[in-house]
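# A structural walkthrough
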Amino acid sequence: KNVNIGGNLTVTGTTTFNGGTITLGDADTDNVVFSADVDSNIIPDDDDSFDLGSSTKEWQDLFLDGTAHIDVLDVDETAFVTTKLSVGTGATIFANGNIAIAGVATVGNNIELFGTGPRITFNDENENPDFYIEANATQFLIQDASNGAQRFRIQSAGTVDIPGNTNFSNGIDVSGVGNFDDTTQSTSATTGAVIIDGGVGIAKNLNVGGNLTVTGTTTFNGGTITLG
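In this text the structure is predicted, and so the values were computed from the model without any measurement.

How each quantity is defined
- Residues numbered from 1 in each chain as written.
- Predicted model: local features only at pLDDT ≥ 70, side-chain atom pairs only at ≥ 80, totals over all residues.
- Heavy atoms only, no water.
- Pairing = 2+ DSSP bridges.
- Helix = DSSP H or I, 4+ residues; strand = E, 2+ residues; numbered from the N terminus.
- Phe/Tyr/Trp six-rings, centres within 6.5 Å; stacked < 30°, edge-to-face > 60°.
- Buried < 20%, exposed > 50% of the residue type's maximum accessible area, 1.4 Å probe, protein only.
- Lys NZ or Arg CZ within 6 Å of the ring centre and 35° of its normal.
- Patch = residues over 30% accessible without salt bridge, like charges linked within 9 Å, V, L, I, M, F, W, Y side chains within 5 Å.
- Areas by Shrake-Rupley, 256 points an atom, 1.4 Å probe, with all protein chains shown as cover.
- Salt bridge = Lys/Arg side-chain N within 4 Å of Asp/Glu carboxyl O.
- pLDDT = per-residue confidence, 0-100.
- Contact = heavy atoms within 4.5 Å.

Moving on: the sheet that holds strand β8 (residues 160-161). A sheet is described by the order of its strands in space; here 5 strands give the open sequence β4-β5-β6-β7-β8, paired in antiparallel fashion. Two strands close off the open sheet at either side, each with one partner strand: β4 (119-123) and β8. Across 2 bridges, the pairing between strand β7 (residues 150-155) and β8 is antiparallel. Bridging from a neighbouring strand, I154 pairs with V160 of β8.

The next thing to look at is the packing of aromatic side chains. Counting across every chain of the model gives 1 aromatic pair. Taking the centre distance of 4.9 Å and the plane angle of 20 degrees together, the rings of F122 and F131 count as stacked. Since its relative accessible area comes to 37%, F122 is described here as partly exposed. Owing to a relative accessible area of 32%, F131 belongs among the partly exposed residues under this scheme. Looking at R119, its charged tip hangs above the ring of Y132, at a distance of 3.7 Å from the centre.

Another aspect to go through is the pairing of strand β5 (residues 129-135). Sheet topology places β4 next to β5; 5 bridges connect them, and they run antiparallel. Paired with I120 across the bridge in β5 is I133. Adjacent in sequence and paired antiparallel, β4 and β5 are bridged by 5 residues, among which E127 carries a positive phi angle near 65 degrees. Two successive antiparallel strands, β5 and strand β6 (residues 139-144), enclose a turn made up of 3 residues.

This part takes up a nonpolar patch on the surface. On the surface, F17, I22, L24, V32, F34, V38 and I42 cluster together into a nonpolar patch covering about 830 Å² of accessible area. Tracing the chain through its elements places L24 in the segment before β1 (85-87). You can call L24 exposed: its relative accessible area is 58%.

This part takes up the confidence of the model for the chain. Per-residue confidence for the chain gives a mean pLDDT of 79; residues scoring 70 or more make up 79%. Scored below 50 in pLDDT, residues 182-193 shows 10 contacts in the model against residues more than four places distant or in partner chains.

Further remarks concern the pattern of salt bridges. Under the counting rule described, the total for this entry stands at 2 salt bridges. Between E134 and R119 there is a salt bridge, with the nearest N and O atoms lying 2.5 Å from each other. Residue E134 is located in strand β5, and its partner R119 is located in strand β4; the two are separated by 15 residues in the primary sequence. For E134, a relative accessible area of 15% puts it in the buried group. Between R151 and D144 there is a salt bridge, with the nearest N and O atoms lying 3.2 Å from each other. A residue is classified by how much of its surface remains accessible, and R151, at 42% relative accessible area, is partly exposed. You can call D144 buried: its relative accessible area is 13%.

Structure (structure tokens):
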């Protein structure tokens, strides 16, 4: 029946335990030492019931050559200080918080950018910045990233600035205050800053502070015309 050994037990050869439960140690001061490799699967008796390590006694490095099936991954905030996490071949999360996506990124909800002046930069095929979109407390700006030229700007006061030669082939509808800045262009009558081929719809007043030159037929329908 029972075998009680009060000293050491050394077995040379193969030892087989059939049936029953094998208990190793009866206190956390006892140690189990494996001097050999484990030549089988390690499967828990019950699903989702036992831990591998604890919050105070952690295993060191984990080496896996295969697929890791993890329900929830909780990573310490210092885990990627000197490295990066690559997801497949398309996404890389760097230690500084940057995310590089090599393919098409589809977002099913909103994209929020935080900071004093969050910016979206568009690069060409050589990864050189072409232009960027930036928004802050005072303006929404589209600017050429290569030479710094401003392309479009909406200011907090409601002013819209479109510098340089801008061609509106389908017309433009100005419901509020529009400011078309041609300071970067010539002020001659033949070099205007804005070319509008499709007509202009103005819901409010139109104030022209300088000369107005109209080439073609001008028709005034309704209302009062005051000259002088």
